[in-house]
Amino acid sequence: MIMTHSEFSSAKRSDDSTARVSIPFFDPASAIPDTAVAAGAEEEESTKASDRDAVVSAVSATHAEPTVHIPIMPEPILAALVPQPGQIFVDGTLGGGGHTELIARRVAPNGWVIGLDRDPKALDRSQQRLAGLPVRYAQANFCNIPEVLEQLQVTQIDGVLLDLGLSSDQLADRERGFSFSMDGPLDLRFDPTEGKSASQLVNRLSEEHLADLIYQYGEDRNSRIIARAICAQRRLVPIETAGALAELIRHAIPAARRPKKIDPATQTFQALRIAVNEELKSLEIALQRIPEYMKIGAKIAILSFHSLEDRRVKEAFRDDPRLKNLTKKPIVADDAELAANPRARSAKLRIAERVEVEDPR
Ligand SMILES: C[S@@+](CC[C@H](N)C(=O)[O-])C[C@H]1O[C@@H](n2cnc3c(N)ncnc32)[C@H](O)[C@@H]1O
């Protein structure tokens, strides 16, 4: 059964607003091949979920810590998406709920924001923060937006936001290993129940695979030195913590080859995070699938934080006939925002509009 927006709105208001849609990862059989992950494919294939059945699960009763994440470029994003009362938006990266809150206040009272995140803690935190606002929650990868929409019986959306990467809440969480200045377990998964942890990768992949992964996803010219040092260390003792890996990398890189502005471990951590979460594959699949569900005139806004992401967004917005690129150059944070939120430094915002596709005949 297909519902109109207003039917959807009233149906959702009358049901349990604390329910959460949970969708397993996109079926990898139809996924786009991804070179560095494919290199470690024998390690990863067995853990991928193939069950696409969606279930609605009750929200957990935990009381989450308040978010410390500051939403990036809120004004340009709102100016691009122009949320109006009654519309339906998707925030594919709910995080601390900052952007969702801004959009939800504008689409209220009859519209909705559908907020997805892979991280159950982010969902708990946002559900607590956004109580009373018209938001539906889904624990899902944003490449599964079509399945979430199907589950909620929504056929088309008025706009979508993806704010890629990790949140300040995840960075501050000792248990996740995202910050190498805290000595937490080397996990790096957005959803700690899905796939392999970063420590499993560093302790099991071959030296060659590790070097390729660090080179491709971290763009680190020291990749071979780092992979060699990891393999030498793990022969003595497994590498289990973020601190142990960071220390090992710092010692392995000769002074002349150390990056000037960042910790020598930064790019390896980026590479491992991208690999364990299959971040680039998720983005590529999402870029292919989402436009089909956007109304003509709807906008997609994507914030990316490194060149591997930004290049994919730029190319999709340029080459997809369903999209009109509205940002020839990406939008960046202004000085006032940079002063208030240094995390905005590397952010690039690109926007595209869904357009009618000409009949090829
Ligand atoms: C930068 S934060 C978003 C912050 C949010 N916009 C706010 O204002 O608080 C990115 C969030 O996206 C989630 N995430 C990353 N990749 C994802 C994916 N492929 N699907 C769903 N969520 C994802 C992360 O778990 C993280 O919570």
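This text goes with the structure placed above it.
Residues numbered from 1 in each chain as written. Predicted model: local features only at pLDDT ≥ 70, side-chain atom pairs only at ≥ 80, totals over all residues.

Peer 1: I'd love a proper account of the overall build of the chain, names of residues and values included.
Peer 2: In terms of regular secondary structure, the chain is built from 16 helices and 9 strands. Within the chain, the fraction of its 361 residues that count as buried is 46%. Taking all contacts inside the chain whose residues are at least 6 apart in sequence as the whole, residues at least 24 apart take part in 73%. (Helix = DSSP H or I, 4+ residues; strand = E, 2+ residues; numbered from the N terminus. Buried ≥ 20, exposed ≤ 12 C-beta atoms within 10 Å, placed from the backbone. Contact = placed C-beta atoms within 7 Å.)

Peer 1: Explain helix α11 (residues 223-236) to me, using residue names and the numbers behind them.
Peer 2: Taking 1.5 Å per residue as the helical rise, α11 with its 14 residues ought to reach 20 Å, and the 21 Å between its terminal C-alpha atoms agrees with that figure. Of the positions making up α11, those classed as buried are Ser-223, Ile-226, Ala-227 and Ile-230. Looking straight down α11, one finds its buried side chains confined to an arc of 95°; they lie on one side. The exposed set on the far side of α11, more than 90 degrees from its buried face, consists of Ala-232, Arg-235 and Leu-236. For α11, the elements touching its buried residues are α9 (198-204), α10 (207-218), α12 (242-252) and α13 (266-277). (Expected span 1.5 Å × (residues − 1). Arc of directions from axis to C-beta.)

Peer 1: How would you sum up the site of the ligand? Please name residues and give values.
Peer 2: Around the ligand lies a shell of 22 residues, among which Pro-71, Thr-93, Gly-95, Gly-96 and Gly-98 are the nearest. Contributions of two or more residues to the shell around the ligand are made by α5 (98-107) and β4 (112-117). A per-class count over the shell around the ligand returns 6 nonpolar, 12 polar and 4 charged. (Near = placed C-beta within 6 Å. Nonpolar A, V, L, I, M, F, W, Y, C, P; charged D, E, K, R; others polar.)

Peer 1: So, the pairing of strand β3 (residues 88-91): which residues are in play, and what are the values?
Peer 2: Across the two faces of β3 the burial is the same, with Ile-88 and Val-90 and Phe-89 and Asp-91 all buried. Bridge count for β3 against β4 is 4 bridges, and the pairing is parallel. Bridge pairing in β4 links Asp-91 to Gly-115. Note that the unit made of β3, α5 and β4 has a crossover that is right-handed. Where β3 meets strand β6 (residues 157-163), 3 bridges bridge the pair, whose relative direction is parallel. When the bridges of β6 are listed, Val-90 appears paired with Val-160. (Pairing = 2+ DSSP bridges. Right-handed = clockwise from strand over helix to strand, strands pointing away.)

Peer 1: I'd like a description of the packing of α10 against α13, backed by residues and values.
Peer 2: Taken N-terminus to C-terminus, the directions of α10 and α13 make an angle of 95°; their axes are 8 Å apart at the nearest point. Classified by the angle their axes make, α10 and α13 are roughly perpendicular. Contacts between α10 and α13 involve Leu-213, Ile-214, Tyr-217 and Gly-218 on the former and, on the latter, Gln-267, Thr-268, Gln-270, Ala-271, Ile-274 and Ala-275. Of the residues belonging to the contact of α10 with α13, the class tally is 6 nonpolar, 4 polar and no charged. (Axes fitted to C-alpha atoms, helices over the stretch in contact; angles between N-to-C directions. Parallel < 35°, antiparallel > 145°, perpendicular 65-115°, else oblique.)

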